[in-house]
Amino acid sequence: MARPGAWPPEPAPLPVPVPDNHTHLESDAGDEPRSVERRIADAVAAGIDRMVQVGCDIESARWTAEAVTRHPELLGAVALHPNEAPVHAAGTHASGLGYDEAFAEIAALARAPRIRAIGETGLDYFRTDETGRDAQIAAFRDHIALAKELDLPLQIHDRDAHADVLDVLARDGAPTTTVFHCFSGDAAMARLCVDRGYYLSFAGTVTFKNAHDLRGALAVTPLERVMVETDAPYLTPHPHRGAPNSPALAALTMREIARVAGVALDHACEVVSATTERIYGSW
Ligand SMILES: [Zn+2]
């Protein structure tokens, strides 16, 4: 039995390379830290040759803006996460930045050529309680407006807030391209998202044994609307749940996507890769 913080073995490489739609390389959950270079190299070896690096607090957004200029495998997304925005709004953020200053910095970082998405933004009713809700909604709306202004895709974080996320998007009007990162709804919600033109990105959660509803959602989503991600270092796919995650393991989730979609793995990889490049532009 591997130690809980031990790195899982490298997965078998995919037949056609695919991008990881959402990862946090600035975070490393392993017992023995692995460098960003090592984790990128492992990903490339597994057929995950491009990654969208998501910086969703002030510090990691700054890190992301710099990292994407150093690593050709990375494009970036920046935002104030729905659990970060209320802390800025309350004036208690460790950075000392109030919400307006923090959001202005995100908006400035988002203008760099290799920052290709606004995210992750949305609503999180799991980790932020009622007192932070108004600030979350206000920040979500600001990020929607910013994505439209810069004509960038929006990456949505939706945790236990499906109805309100869909409602805010409908009321404000979603940006041209809206992607649900780590989609967590059921088949009915997936159909609704597809009808509205949104994209669904599936994380390791879709490989979990008990994830029947999530696989049901994937099964009703046209493959052309599907992306794959790790959300590393979180949400490590089966059979390595509990171990640290890294972009290489998107290869395991990609295999599950092909299996649930009922198509050959190389075809699934080609479609998902083409979709991801269409959305973010070429690396
Ligand atoms: Zn994330």
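Look up a bit, the structure's there.
First things first, this report covers the structure right here in the doc. Given the structure is predicted, the values throughout are model-derived calculations rather than measurements.

## Quick look at the pairing of strand β5 (residues 154-159)
Counting buried positions over the six residues of β5 gives five, a clear majority of the element. For strand β4 (residues 115-124) and β5, the ladder comprises six bridges, and the chain directions are parallel. Opposite I118, over in β5, you have L154 as the bridge partner. Examined bridge by bridge, β5 and strand β6 (residues 178-180) share three bridges and lie parallel to one another. Residue pairing for β6: Q155 is matched across the bridge by V179. With helix α6 (residues 162-172) bridging β5 and the parallel β6, this β-α-β connection has right-handed handedness.

## A word on the coordination of the zinc ion
Looking at the zinc ion, the protein donor atoms are H22 (NE2), H24 (NE2), E120 (OE) and D231 (OD), and they sit 2.1 to 2.3 Å from it. Its four donor atoms give the zinc ion angles of 86 to 178° at the centre, a pattern that matches the irregular case. Binding-site remark: the zinc ion is held by donors from one chain whose sequence spacing is H-x1-H-x95-E-x110-D. Like H24, H22 is buried.

## Observations concerning the packing of helix α8 (residues 212-219) against helix α9 (residues 250-261)
In contact at an axis separation of 9 Å, α8 and α9 are set at 65° when each is read in the N-to-C sense. Between α8 and α9, the angle falls in the class roughly perpendicular. Crossing handedness for the pair α8 and α9: right-handed. Here R215, L218 and A219 of α8 come into contact with α9, specifically with E256, I257, R259 and V260. Grouping the amino acids of the contact of α8 with α9 by side-chain chemistry returns four nonpolar, no polar and three charged.

Reading the values: rules and limits
- Residues numbered from 1 in each chain as written.
- Predicted model: local features only at pLDDT ≥ 70, side-chain atom pairs only at ≥ 80, totals over all residues.
- Heavy atoms only, no water.
- Buried < 20%, exposed > 50% of the residue type's maximum accessible area, 1.4 Å probe, protein only.
- Helix = DSSP H or I, 4+ residues; strand = E, 2+ residues; numbered from the N terminus.
- Pairing = 2+ DSSP bridges.
- Right-handed = clockwise from strand over helix to strand, strands pointing away.
- Donors = N, O, S within 2.8 Å, 3.2 Å for Na, K, Ca; no water.
- Tetrahedral: all angles 85-135°; square planar, octahedral: opposite > 155°, others 65-115°.
- Axes fitted to C-alpha atoms, helices over the stretch in contact; angles between N-to-C directions.
- Parallel < 35°, antiparallel > 145°, perpendicular 65-115°, else oblique.
- Left-handed = near helix turned anticlockwise from the far one by under 90°.
- Contact = heavy atoms within 4.5 Å.
- Nonpolar A, V, L, I, M, F, W, Y, C, P; charged D, E, K, R; others polar.

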